[in-house]
Amino acid sequence: AQSVTQPDIHITVSEGASLELRCNYSYGATPYLFWYVQSPGQGLQLLLKYFSGDTLVQGIKGFEAEFKRSQSSFNLRKPSVHWSDAAEYFCAVVGGSQGNLIFGKGTKLSVKP
Amino acid sequence: NAGVTQTPKFQVLKTGQSMTLQCAQDMNHEYMSWYRQDPGMGLRLIHYSVGAGITDQGEVPNGYNVSRSTTEDFPLRLLSAAPSQTSVYFCASTPGRGQMNTGELFFGEGSRLTVL
């Protein structure tokens, strides 16, 4: 069965520092992969997605992610973190016969001033 | 634009009570779904619907019922609430019949339910 693992529960970075959030997936074929962000008290918002083609995908708010099939990974990156990036981030993969989204358990990002 | 609207935002129930969480979308999306979010568990799919009159179970369907009589509405019913159903519930929708169409789920702001 398809699954998503986010190894880091909580990460703290300083404002202006670079960020990488890890995501590993389990899927037999080429996966459809996503990153969502959830600000406190809000629903989830799509940051970016990968279906096929260029393995480096650009998203909103200056985020990017790289699909690496050999490592079964889809890590999220940002070169310079802003205080407003503090949120919880979810990696997800389309799975199952009906193509539902399967979410990882999330990584909470804190940003130090 | 309203998008996906969930009501109520907060609810406290006693064990054994029943209630319905409402979800409405005004984007003419075929696919609608309900997730629950618990600390350290991420989001887990409860039920989903690929169109009016069609519903199916997700990962954690026990204790919940759904129906889809119109394209716009997808209510989630708790027939006999249990403390294990204390959670934050999210309704989400997307065009087409699944995430493979556009890749984006549009989420409501959530409904926080506490069962005592």
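Undergrad: Got a minute to help me understand the interface of chain B and chain A in this structure?
TA: By a frequent convention, interface size equals the accessible area lost on bringing the separate parts together. Counting residues at the interface gives 22 residues for chain B and 21 residues for chain A. In this assembly, chain B packs against chain A so that about 1700 Å² is buried in total across both faces, 55% of it on carbon and sulfur atoms. Viewed at the interface, chain A and chain B are joined by 0 salt bridges. Secondary-structure elements contributing two or more residues to the side of chain B that touches chain A are strand 4 (31-38), strand 5 (42-51) and helix 1 (99-102) of chain B. Ranked by residue count, the leading element in the side of chain B that touches chain A is strand 5 of chain B, at 5 residues. Grouping the amino acids of the side of chain B that touches chain A by side-chain chemistry returns 11 nonpolar, 8 polar and 3 charged.

Undergrad: What is the right way to read the packing of aromatic side chains from this model?
TA: In this description, an aromatic ring pair is defined by two values, namely the gap between the centres and the angle between the planes. Tallied over the full model, the rule gives 16 aromatic pairs over all chains. Their ring planes at 90° and their centres at 6.4 Å tell us that A:F90 and A:F103 sit as a pair that is edge-to-face. Linking A:F90 in strand 10 (residues 87-95) with A:F103 in strand 11 (residues 100-103), this pair joins segments that are 13 residues apart in sequence. Taking relative accessible area as the criterion, A:F90 reaches 1% and is therefore assigned buried. According to the relative accessible area criterion, A:F103 is buried, its value standing at 7%. Counting every residue linked through ring pairs, the aromatic cluster contains A:Y32, A:F34, A:Y36, A:F51, A:F90, A:F103, B:Y35, B:F90 and B:F107. Here the guanidinium or amino end of A:K49 rests over the ring plane of A:F51, the centre of that ring lying 5.5 Å away. In this structure, B:R68 is placed above the aromatic ring of B:F74, and the distance from its NZ or CZ to the ring centre is 6.0 Å.

Undergrad: Looking at this model, I keep getting lost on the sheet that holds strand 3 (residues 19-25) of chain B. Mind explaining?
TA: Sheet strands line up and pair through hydrogen bonds in the backbone, either parallel or antiparallel. All names here are of chain B. Pairing within the open sheet is antiparallel, and its 4 strands lie in the order 1-3-8-7. Both edges of this open sheet fall to strand 1 (4-7) and strand 7 (64-66), since each of them pairs with a single strand only. Geometrically, the sheet is characterised by an average inter-axis angle of 20° between neighbouring strands, direction not taken into account. Of the strand pairs in this sheet, strand 1 and strand 3 are connected by 4 bridges, and their pairing is antiparallel. Considered in strand 3, the bridge of T7 is made with Q22.

Undergrad: Got a minute to help me understand unusual backbone geometry in this structure?
TA: Working note: non-glycine residues mostly have negative phi, and peptide bonds are mostly trans. Note that the residue after B:T7, namely B:P8, is joined by a cis bond; omega there is -10°. Relative to the assigned elements, B:P8 resides in the loop between strand 1 and strand 2 (10-13). The phi dihedral of A:S72 falls on the positive side, at around 50°, and the residue is not glycine. Relative to the assigned elements, A:S72 resides in the loop between strand 8 (64-68) and strand 9 (73-78). Overall, A:S72 belongs to the partly exposed group, its relative accessible area being 27%.

Undergrad: Sorry if this is basic, but what is going on with the nonpolar core here?
TA: It is characteristic of soluble globular proteins that their nonpolar side chains tend to be buried jointly. In this structure, A:L19, A:W35, A:L47, A:L48, A:F74, A:L76 and A:Y89 are the most contacted members of the largest nonpolar core, which totals 26 residues. Among the secondary structure elements, those contributing two or more residues to this core are strand 2 (10-14), strand 3 (19-21), strand 5 (33-38), strand 6 (44-50), strand 8, strand 9, strand 10 and strand 12 (107-112) of chain A. Among the elements that line this core, the one with the most residues is strand 10 of chain A, at 4 residues. With 20 residues, the next largest nonpolar core counts B:Y31, B:L45, B:A92 and B:L105 among its residues.

Calculation notes
- Residues numbered from 1 in each chain as written.
- Chains lettered and ligands numbered in written order.
- Predicted model: local features only at pLDDT ≥ 70, side-chain atom pairs only at ≥ 80, totals over all residues.
- Heavy atoms only, no water.
- Contact = heavy atoms within 4.5 Å.
- Buried area = accessible area lost by both parts, 1.4 Å probe.
- Salt bridge = Lys/Arg side-chain N within 4 Å of Asp/Glu carboxyl O.
- Helix = DSSP H or I, 4+ residues; strand = E, 2+ residues; numbered from the N terminus.
- Nonpolar A, V, L, I, M, F, W, Y, C, P; charged D, E, K, R; others polar.
- Phe/Tyr/Trp six-rings, centres within 6.5 Å; stacked < 30°, edge-to-face > 60°.
- Buried < 20%, exposed > 50% of the residue type's maximum accessible area, 1.4 Å probe, protein only.
- Lys NZ or Arg CZ within 6 Å of the ring centre and 35° of its normal.
- Pairing = 2+ DSSP bridges.
- Axes fitted to C-alpha atoms, helices over the stretch in contact; angles between N-to-C directions.
- Core = buried A, V, L, I, M, F, W, Y, C linked by side-chain atoms within 4.5 Å.

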